[in-house]
Each structure stands twice: as C-alpha cells, then as structure tokens.
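Structure assessment
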Amino acid sequence: MLMPSQGVRILVATKPVDFRKGHDGLAALVQSMLAEDPFTGTVFVFRSKRADRLKILFWDGSGLVMAYKRLEESTFTWPSIRDGAMTLNRAQFEAMFAGLDWRRVRSLEVRRPAVAE
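Here we summarise the structure given alongside this text.

Reading the values: rules and limits
Residues numbered from 1 in each chain as written. Predicted model: local features only at pLDDT ≥ 70, side-chain atom pairs only at ≥ 80, totals over all residues. Heavy atoms only, no water. Buried < 20%, exposed > 50% of the residue type's maximum accessible area, 1.4 Å probe, protein only. Helix = DSSP H or I, 4+ residues; strand = E, 2+ residues; numbered from the N terminus. Arc of directions from axis to C-beta. Contact = heavy atoms within 4.5 Å. Pairing = 2+ DSSP bridges. Polar contact = N/O pair within 3.5 Å; in protein donor to acceptor, adjacent residues only side chain to side chain. Phe/Tyr/Trp six-rings, centres within 6.5 Å; stacked < 30°, edge-to-face > 60°. Lys NZ or Arg CZ within 6 Å of the ring centre and 35° of its normal. Axes fitted to C-alpha atoms, helices over the stretch in contact; angles between N-to-C directions.

1. Here's the deal with helix 1 (residues 23–33)
Count 3.6 residues to each turn of an α-helix, and residues three or four apart come out pointing the same way. All of the buried residues along helix 1 are L26, A27, L29 and V30. Along the axis of helix 1, the buried positions cluster into a sector of 155°, meaning they face one direction only. Exposed residues on helix 1 whose side chains face more than 90 degrees from its buried face are D24 and S32. Packed against the buried residues of helix 1 are strand 2 (43–47), strand 3 (53–59) and strand 4 (64–70).

2. Things to note about the pairing of strand 3
Here strand 3 lies mainly inside the structure; six of its seven residues are buried. Pairing analysis gives four bridges linking strand 2 to strand 3, with the strands arranged antiparallel. Of the residues in strand 3, the one forming a bridge with F44 is L57. Between strand 2 and strand 3, which follow one another and run antiparallel, lie five residues. The pairing of strand 3 with strand 4 spans seven bridges and is classified as antiparallel. Considered in strand 4, the bridge of K55 is made with Y68. Where strand 3 folds back onto strand 4 in an antiparallel hairpin, the turn is made up of four residues, including G61, whose phi is positive at roughly 105°.

3. Considering helix 2 (residues 90–97)
When we look at burial in helix 2, the residues that qualify are Q92, F93, A95, M96 and F97. In the core, the buried residues of helix 2 are packed alongside strand 1 (10–13), strand 2, strand 3, strand 4 and strand 5 (85–88). N-cap assignment for helix 2: the residue whose side-chain oxygen lies 3.0 Å from the backbone N of A91 is N89.

4. A few points about the packing of aromatic side chains
Going through the model one piece at a time under the given rule, you end up with four aromatic pairs. Centre to centre, the rings of F76 and W78 are 5.8 Å apart; their planes meet at 65°, and the pair counts as edge-to-face. Assessed through its relative accessible area of 10%, W78 is described here as buried. Stacked on the ring of F19, the Lys or Arg K55 has its end atom at 5.1 Å from the ring centre. The lysine or arginine in question, K69, covers the ring of F97, its NZ or CZ lying 4.5 Å from the ring centre.

5. Focus: the sheet that holds strand 1
Pairing is mixed across the open sheet formed by five strands, whose spatial order is 4-3-2-1-5. Bordering the open sheet on either side are strand 4 and strand 5, each of which pairs with just one other strand. Pairwise comparison of adjacent strand axes, ignoring direction, gives a mean angle of 25° for this sheet. Note: strand 1 against strand 5, four bridges, orientation antiparallel. The residue of strand 5 that forms the bridge with V12 is M86. Contacts from helix 2 reach strand 1, strand 2, strand 3, strand 4 and strand 5, with the element oriented near 105° to strand 5.

Any functional reading would require information that these geometric values do not contain.
Right under this line is the structure:
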C-alpha cells in the first residue's frame, strides 16, 4: 500500500479533475491549478466528478508515482468544491483513502514530556 510517511505534506485539490489525465497531466495541474511543485515529495490527491474515485500523485525521488482508487459501494467524503487545495494530516488521509469521513479524525495534541527531577 502506498501511504505517505509521517511528516509528508498532503494536499487535496478541491475541484474535480479530468480523470483521463496521467502522470504528466496531473503534474501540470499541480503547477497551474495549485501553484505547487510536483517534484518536492508532497502527496497530491485529486477527485473525479463522481465522488467515488481518487488519484494520488507524488515524487518518490526517482519518478512520479500515481495511484488510483475507486470505491465500489459508496463515495469518498470530499471538502467543498472551490479553487485551490486543502491540507490533510496523515491520519485524515488514511481515513479518506479507506472511504471514511476524514473530518471526524483529529490529531492528538502532543505535549513535550516534563523532565523528572
């Protein structure tokens, strides 16, 4: 399974894209639509007009990787459609990828441990 490592930036394009696009077409959209560099290791998530499909694009250091997923019985929960992108944390991305409602996933507040004296 292709899951981004901890600390990797994950951006979700909020507008549906033409799902006939491949690696180069999606990389061009990253540059033109999102004003981002597709070769930084950031994970870009795209939605189809039908909310049951997503594509993921990222640079792994040696090439562009694209993954495609279609849900059989339901649709993905997507942010409202507008220009630009929104950021998800890894837990939210994993929930979205699994077909769960990522909006219900919250990050734990991690506090620095106190030093024992």
